[in-house]
Every structure is written in structure tokens, then in C-alpha cells.
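Here's the letter readout for the chains.
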Amino acid sequence: MKSVRMFDYLNQYQDIEQDILSAIVDVFRSGNLILGEQVESFERNFSQYLGKGEAVAVNSGTDALLVALMALGIGDGDEVITVSNTAVPTVSAIRMAGATPVFCDVDCNTALMDVDLLKGCITNKTKAIVAVHLFGNVVDIDQIREIIKGKNISIIEDCAQAHGAAIDRKKVGALGDVSAFSFYPTKNLGAYGDAGLCYSSDHLLIKEMKKIRMYGFHKSYYSEREGINSRMDEVQAAILNVKLPYLNTHVDKRRKLATLYNELLSSRIARISVSSKVDPAYHLYVIKISDRELVRSNLLSKGIQTGVHYPYPIHLMSGYNFLGYTEGTLPNTERLAKEVLSLPLYPGLDESAVYSVCDVLNSIA
Ligand SMILES: *Cc1c(COP(=O)(O)O)cnc(C)c1O
């Protein structure tokens with residue numbers, strides 16, 4: 001049997017190879033390798049894709065979160081509420097800014113922040129909420145806004161897994177005060193290296209983020225504030241400019257494959273649920289299964305790769321012991337870490353692979 005991989009970009013690359021190569025050659029011949037035309041046009045193109053705001057291209061999704069937090073003035077002594085059921089970078093960005101992450105438990109059905117528990121996490125030190133649209137599913141930002149009304153708390157959307165997702169027909173990224181995207185190769189829009197982007201409709205925030213990504217410079221060699229070095233390079237921007245026009249088609253393909261999984265999988269198999277208001281971007285297709293390791297090895301023996309996002313809740317990792325969380329404090333997050341299983345899903349995946357995966361799963365689960 002043909003093996004089924006978790007992620008493979010080579011099919012897609014073949015289709016656009018000539019465009020990618022000529023875009024790269026154009027950069028090399030332009031005489032400008034950093035913060036040039038390609039970055040500027042990608043910032044314009046991606047913000048047009050999202051809405052009416054502006055974008056600041058940076059070096060990674062982690063940096064996009066960090067730069068956003070710094071621009072909001074968040075640092076030492078401040079608390080930032082997020083979830084432990086996310087990729088580690090969500091939390092490491094908060095720590096790099098100097099703030100303290102406070103974890104809100106998630107809803108077991110959606111795997112997203114349980115907004116009903118949010119109120120209990122807010123203190124007078126809370127300065128921001130990082131809402132993570134995990135798996136391409138969407139957190140109800142309006143509901144969060146309602147809860148924090150009248151408080152000086154900013155909403156940052158972590159859109160690293162959600163390019164193209166929407167709620168009430170509104171695209172994620174334009175729902176909060178500022179948002180962070182990653183273009184890590186496996187994401188819904190992937191560069192061929194590291195890249196990220198901040199988006200906001202707040203022009204002052206955009207100006208701050210542009211300074212922060214380059215040593216705090218306002219003009220050459222003059223730091224108007226403290227900054228870092230986090231620039232998207234021209235080569236990655238050129239590649240992203242070639243790939244952006246395919247994003248909608250690729251998200252549609254993900255939705256099509258997910259719909260097929262929904263139809264083919266036995267009703268005995270639990271999945272992540274999606275609100276009827278949400279058009280998910282299906283960065284990952286996730287099921288919940290109790291004897292996960294057995295099922296995984298069974299699939300692997302048939303040549304089918306799977307993933308686990310994520311096997312360890314961040315609050316229980318030794319690297320984050322110092323935050324003081326213990327086992328049992330975030331029961332839904334801890335339970336999901338034991339049960340979630342991600343099935344192969346990417347735009348270049350053949351529908352026949354979904355049939356194979358479901359055949360195996362339905363026969364053993
Ligand atoms: C990938 C990811 C990030 C970090 O993006 P990088 O570009 O790898 O730094 C942040 N948050 C989430 C939820 C992610 O999946």
C-alpha cells in the first residue's frame with residue numbers, strides 16, 4: 001500500500017516551481033535583500049486578503065506574537081491569559097515579552113479556550129488575552145470582547161493555524177486588536193523557511209511594530225524605543241507573494257478533505273466540534289481516541305502517518321514548572337493531550353488516502 005504522510009509540500013511545489021525560482025532570481029538581481037519591495041508588497045497583499053488593516057512582516061509566528069505584545073506595552077509584572085492547549089511558541093512569546101502567562105482551560109469539544117472560564121482568570125494585572133484559533137477552528141472573539149468590556153485588556157489573535165478561517169463570515173486576524181500569523185512551511189500558507197506577520201487596524205500599533213522589528217529604529221541608527229531584530233527576508237516574501245493567490249483554493253481543498261473525513265469516519269469516533277458560525281481552515285483534522293498509541297501504531301503498520309497536537313500540556317512541561325501549575329489544574333487540557341490524534345490533511349493529499357485512513361480507523365476504533 002502507498003504510504004500516507006502527515007505533510008508533503010512537494011506536489012504543490014512542482015506546480016509552481018518556475019514561478020518560485022524566477023521570483024527568487026528577481027530578488028537576487030534586485031540588489032536589495034532585506035526590507036525591500038517584496039516584503040512591502042507582501043504586507044500589502046496579505047492585509048488586503050484580510051481586510052482594511054495594515055501588516056508588519058516579521059521573522060516568525062513566535063516573533064509576531066512577541067512584537068505585538070511589546071507594541072502593546074506588555075512586559076514585566078503583566079499577566080496575559082491564554083491556553084495551555086497550544087503550540088509552545090504562544091507561551092514562549094509571552095515569556096519573552098517579560099509577562100506571565102495565565103492559563104484558561106479549554107472546552108473539550110472544540111479544543112479552544114472555554115470562554116465561560118475566562119472571567120475567573122482575569123485579575124487587575126491582566127493586560128491581554130492571546131486567543132489561539134487552534135487547528136484552524138475559531139475562538140468567538142466577540143464573546144471575549146463582551147467579557148472584558150470596560151477593562152483595559154487587549155485581544156491578540158494567534159492565527160498561526162488559521163489562515164483563511166472565518167466566524168460569521170468574518171476572517172480571523174481582523175477580529176481582535178492585533179493578530180499574529182506564522183508562515184512556517186507546514187502552515188496553511190507556508191514559506192520555504194521561517195516567516196511571520198502582525199496585522200492590525202490600529203495605525204499607531206503598526207508604527208510601533210515596524211520600529212520593534214528593527215532595533216526600535218525610527219530613522220537610521222536611532223532607536224526611539226527598545227526593539228529586536230525580526231525581519232522577514234526578501235526571498236521568503238517573494239515566495240509568499242507567489243503562494244498567496246493559492247491560499248483560498250488550498251483552504252477549500254482542506255475543507256473538502258475534512259468533509260470527506262466527516263462523512264466516512266464511523267460515528268463512534270469522536271472529533272473536534274466546530275460551531276455553525278465558524279468556517280474552519282482545517283490546519284489539522286483531529287479526532288479523540290482513548291487507546292491512541294495502539295491506534296497510531298496500527299495505522300503506521302499500514303503506512304499511514306499521524307500526529308499528536310499536542311502530547312504534553314505546556315503547564316505540565318518541566319520548562320514551565322516555575323509557573324506553578326500542577327496536574328489536575330486544567331482537566332480538559334490534560335484530557336485532550338491524552339486523546340487527540342491528527343489525521344493526514346494537506347492540500348496536496350489525495351482523496352483516496354482519506355478513504356484508506358478511514359477504512360483502517362473504522363475497522364479498529
Ligand atoms: C506555529 C505556531 C506558532 C509559531 O509560529 P513559528 O512561525 O513557528 O514561530 C505560534 N502559535 C501556534 C498556535 C502555532 O501553531
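Described below are features of the structure shown in this document. (Residues numbered from 1 in each chain as written. Predicted model: local features only at pLDDT ≥ 70, side-chain atom pairs only at ≥ 80, totals over all residues. Heavy atoms only, no water.)

1. What to know about the site of the ligand
Moving on, step 1. The immediate surroundings of the ligand are formed by 13 residues, with Gly61, Thr62, Asp158, Ser182 and Lys187 found nearest.
Moving on, step 2. Interatomic distance of 2.8 Å between a backbone N/O atom of glycine 61 and an oxygen atom of the ligand.
Moving on, step 3. In the model, an oxygen atom of the ligand is placed 2.5 Å from a nitrogen or oxygen of the threonine 62 side chain.
Moving on, step 4. Expressed as a share of its isolated accessible area of 380 Å², the protein-covered part of the ligand is 91%.
Moving on, step 5. If you list the elements that add at least two residues to the shell around the ligand, you get helix 3 (61-71) and helix 4 (88-96).
Moving on, step 6. Across the shell around the ligand, the residue classes tally to 4 nonpolar, 7 polar and 2 charged. (Near = heavy atom within 4 Å. Polar contact = N/O pair within 3.5 Å; in protein donor to acceptor, adjacent residues only side chain to side chain. Areas by Shrake-Rupley, 256 points an atom, 1.4 Å probe, with all protein chains shown as cover. Helix = DSSP H or I, 4+ residues; strand = E, 2+ residues; numbered from the N terminus. Nonpolar A, V, L, I, M, F, W, Y, C, P; charged D, E, K, R; others polar.)

2. Re unusual backbone geometry
Moving on, step 1. Cis geometry is found at the peptide bond from histidine 309 to tyrosine 310, where omega equals 10°.
Moving on, step 2. Looking at the element boundaries, tyrosine 310 is found in the loop between helix 9 (292-301) and helix 10 (331-339).
Moving on, step 3. Positive phi outside glycine occurs at phenylalanine 135, with the angle close to 65°.
Moving on, step 4. Tracing the sequence through the fold places phenylalanine 135 in the loop between strand 4 (126-132) and helix 5 (141-147).
Moving on, step 5. Positive phi, close to 60°, is recorded for tyrosine 221, a residue that is not glycine.

3. Describing the sheet that holds strand 15 (residues 340-343)
Strand pairing in a sheet is mediated by backbone hydrogen bonds. Such pairs are either parallel or antiparallel.
Moving on, step 1. Ordered in space as 12-14-15, the 3 strands form an open sheet in which the pairing is antiparallel. The open sheet has two edge strands, strand 12 (270-271) and strand 15, and neither has a second partner.
Moving on, step 2. Here 2 bridges tie strand 12 to strand 14 (residues 285-288), and the two strands are oriented antiparallel to one another. Bridge assignment links arginine 271 to a residue of strand 14, and that residue is isoleucine 287.
Moving on, step 3. Its contacts with the sheet place helix 8 (residues 247-264) against strand 12, strand 14 and strand 15, and it is angled at close to 25° to strand 14.
Moving on, step 4. Along the sheet face, helix 10 touches strand 14 and strand 15 and points at about 50° away from the line of strand 15. (Pairing = 2+ DSSP bridges. Contact = heavy atoms within 4.5 Å. Axes fitted to C-alpha atoms, helices over the stretch in contact; angles between N-to-C directions.)

4. Quick look at the nonpolar core
Moving on, step 1. Grouped together as the largest cluster of nonpolar side chains are 118 residues, with contacts concentrated most on Phe42, Phe46, Ile144, Phe183 and Leu361.
Moving on, step 2. It is helix 3 that contributes the most residues to this core, 8 residues altogether.
Moving on, step 3. Sequence-distant contacts of phenylalanine 42, that is, excluding residues within four places in its chain, are made with Phe183, Leu189, Leu197, Met232, Ala237, Leu240, Asn241 and Leu244.
Moving on, step 4. In this structure, Ala23, Ala238, Ile239 and Val242 belong to the second largest nonpolar core, which totals 10 residues. (Core = buried A, V, L, I, M, F, W, Y, C linked by side-chain atoms within 4.5 Å. Buried < 20%, exposed > 50% of the residue type's maximum accessible area, 1.4 Å probe, protein only.)

5. Quick look at a nonpolar patch on the surface
Moving on, step 1. A contiguous nonpolar surface patch, about 310 Å² in accessible area, is contributed by Phe28, Leu33 and Ile34.
Moving on, step 2. The topology assignment puts isoleucine 34 in the loop between helix 1 (10-30) and helix 2 (37-50). (Patch = residues over 30% accessible without salt bridge, like charges linked within 9 Å, V, L, I, M, F, W, Y side chains within 5 Å. Salt bridge = Lys/Arg side-chain N within 4 Å of Asp/Glu carboxyl O.)

6. Observations regarding the pattern of salt bridges
As a working rule, side chains carrying opposite charge can pair if their charged atoms are close by.
Moving on, step 1. Enumeration according to the criterion identifies 14 salt bridges in this entry.
Moving on, step 2. When the shortest N-O distance is used, the salt bridge between lysine 211 and glutamate 224 registers 2.7 Å. You can see lysine 211 sitting in helix 6 (residues 203-212) and its partner glutamate 224 sitting in the loop between strand 11 (222-223) and helix 7 (234-243), a full 13 residues away along the chain.
Moving on, step 3. The class of lysine 211 is buried, set by a relative accessible area of 12%.
Moving on, step 4. Of the residues examined, glutamate 224 reaches a relative accessible area of 41% and is grouped as partly exposed.
Moving on, step 5. Between glutamate 293 and arginine 292 there is a salt bridge whose closest N-O contact spans 3.4 Å.
Moving on, step 6. Under the relative-accessibility criterion, glutamate 293 is labelled partly exposed at 48%.
Moving on, step 7. Owing to a relative accessible area of 9%, arginine 292 belongs among the buried residues under this scheme.
Moving on, step 8. Through salt bridges with shared partners, one network takes in Glu208, Lys211, Glu224 and Arg225.

7. Considerations on the sheet that holds strand 9 (residues 196-200)
Moving on, step 1. Taken in spatial order, the 7 strands of this open sheet run 1-9-8-5-4-2-3, and their pairing is mixed. Looking at strand neighbours, the two that pair on one side only are strand 1 (54-58) and strand 3 (100-103), the edges of this open sheet. Direction aside, neighbouring strands of the sheet carry axes that sit 25° apart on average.
Moving on, step 2. Along the sheet face, helix 2 touches strand 1, strand 8 (178-182) and strand 9 and points at about 130° away from the line of strand 1.
Moving on, step 3. Along the sheet face, helix 4 touches strand 2 (79-82), strand 3, strand 4 and strand 5 (154-158) and points at about 140° away from the line of strand 3.

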